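Chain residues, written in single-letter form:
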Amino acid sequence: MSEQQIERRKRALSCIQPTGTPTLGNYLGALRNWVAMQEEMDCCFAVADLHAITVRQEPAKLRQQTKEMFALLLAIGLDPEKNVIFVQSQVPQHTELAWLLACNTQFGELSRMTQFKDKSQKHADNINLGLFAYPTLMAADILLYQPDYVPVGADQKQHCELSRDIAGRFNNLYGNTFVVPEPYIMKAGARVRSLQDPTKKMSKSDENQNSFISLKDDKDTILRKFKRAVTDSEAVVRYADGKDGINNLMEIYAAVTGKSYEEIEREFDGRGYGDFKVAVGEAVAAELVPVQERFDALLKDKAYLEEMMKKGAETASRIGARTLAKAKKKMGFLL
Ligand code: TYM
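Residues numbered from 1 in each chain as written. Predicted model: local features only at pLDDT ≥ 70, side-chain atom pairs only at ≥ 80, totals over all residues. Heavy atoms only, no water.

(A) Spatial organisation of the site of the ligand. Close to the ligand lie 25 residues; Gln17, Tyr134, Asp141, Gly153 and Asp155 are nearest. Between glutamine 156 and the ligand, the recorded distance is 3.1 Å, taken from a side-chain N or O atom to a nitrogen atom. Breaking the shell around the ligand down by element, the ones donating at least two residues are β1 (11–16), α2 (24–37) and α8 (129–143). Across the shell around the ligand, the residue classes break down as 13 nonpolar, nine polar and three charged. (Near = heavy atom within 4 Å. Polar contact = N/O pair within 3.5 Å; in protein donor to acceptor, adjacent residues only side chain to side chain. Helix = DSSP H or I, 4+ residues; strand = E, 2+ residues; numbered from the N terminus. Nonpolar A, V, L, I, M, F, W, Y, C, P; charged D, E, K, R; others polar.)

Here's what the structure looks like:
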């Protein structure tokens, strides 16, 4: 390994779709880890608005939600001076590389993606080509920035692995072009489940509002939703098979407080679920309320948000253009 390689800071990239307000699942599974990573790595974070249109979106709402998601990335503590933070559709290299990668991705590979299967069932009237090709756009999002790590929740692992396969195959065919990235999945918070059906992942598109904590929920709502969370009849706070509801609450509490399961079991030894649910709600509210306050202030500062978006898109485009030119040249395109 050359000295330059040893000294190079690790890079990370991740994105989030601007479809509705993120949940506690997005926050613990992804966003919060991004904040920690910015200290150690060179990071790019994007609002993946192009991904959002794989299901039908109302234009005015998409526009508003994209702005809000960008503001939220700043509100959680991502520093636009330290990271490249941008909106995907403002960086045209993503769609261009996606086409090059689409021609190097097999129908069979895309057919195996569980998210495609789920979403095509859910939106049976709109199984569009974009929904099917989505992982090739995601691969382009990643590979453009040559990251070492892709911090995501467990549900995106399969897409990240496909990106690795695509990168590896491209490198073999055309010569070394892309860094083959690794998914970076934190254990605590990687799979936050529904509060009403803890066998399912917590999702903002769930019809039952009590099943998820939205990052915009106020303290009372957070406490109420945890109070109503589905548990079991054993009334002992312990992490064990068959206790999906309690396991989920313990995972959330562990992720927010940094406590281990043993510590949590000791803390609630001899106490009922009622106390435990209040403690989880309080801990989550203490984490989210300051984020909400920063978010509200940022949303009012339109000029600042626009300036940060422009700056982020320019930097991302500069980095992306370099990788794209490299890929095109290797494939035989005239530059
Ligand atoms: P999205 O927008 O659905 O979710 C954003 C991030 O949140 C994580 N996440 C969860 N983590 C734990 N528990 C949950 N219940 C939960 N729900 C969501 C997701 O794993 C994700 O990390 N395809 C991506 C967006 C994307 C992307 C990319 C990600 C587009 N291009 C490039 C990484 C790299 C998506 O739809 O995530």
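(B) Structural detail: the domain arrangement of the protein chain. Segmentation of the protein chain into domains returns domain 1 (3–189 + 302–331) and domain 2 (209–296). In this complex, domain 1 contributes 15 residues to the contact, which on the side of domain 2 involves 15 residues. Carbon and sulfur atoms supply 68% of the area that domain 1 and domain 2 bury against each other, a total of about 1400 Å² over both sides. Interface area lost by domain 1 to domain 2 is led by Leu24, Tyr27 and Ala75, which between them contribute 37%. One can count one salt bridge joining domain 1 with domain 2. (Domains from an automatic or database assignment. Contact = heavy atoms within 4.5 Å. Buried area = accessible area lost by both parts, 1.4 Å probe. Salt bridge = Lys/Arg side-chain N within 4 Å of Asp/Glu carboxyl O.)

(C) Structural detail: the packing of α2 against helix α13 (residues 273–300). Where α2 contacts α13, the axes come no closer than 13 Å and their chain directions differ by 75°. Viewed along their axes, α2 and α13 adopt a mutual orientation that is roughly perpendicular. Two secondary-structure elements touch here, α2 through Leu24, Tyr27 and Arg32 and α13 through Val284, Glu287, Leu288 and Val291. Of the residues that constitute the contact of α2 with α13, the class distribution is five nonpolar, no polar and two charged. (Axes fitted to C-alpha atoms, helices over the stretch in contact; angles between N-to-C directions. Parallel < 35°, antiparallel > 145°, perpendicular 65-115°, else oblique.)

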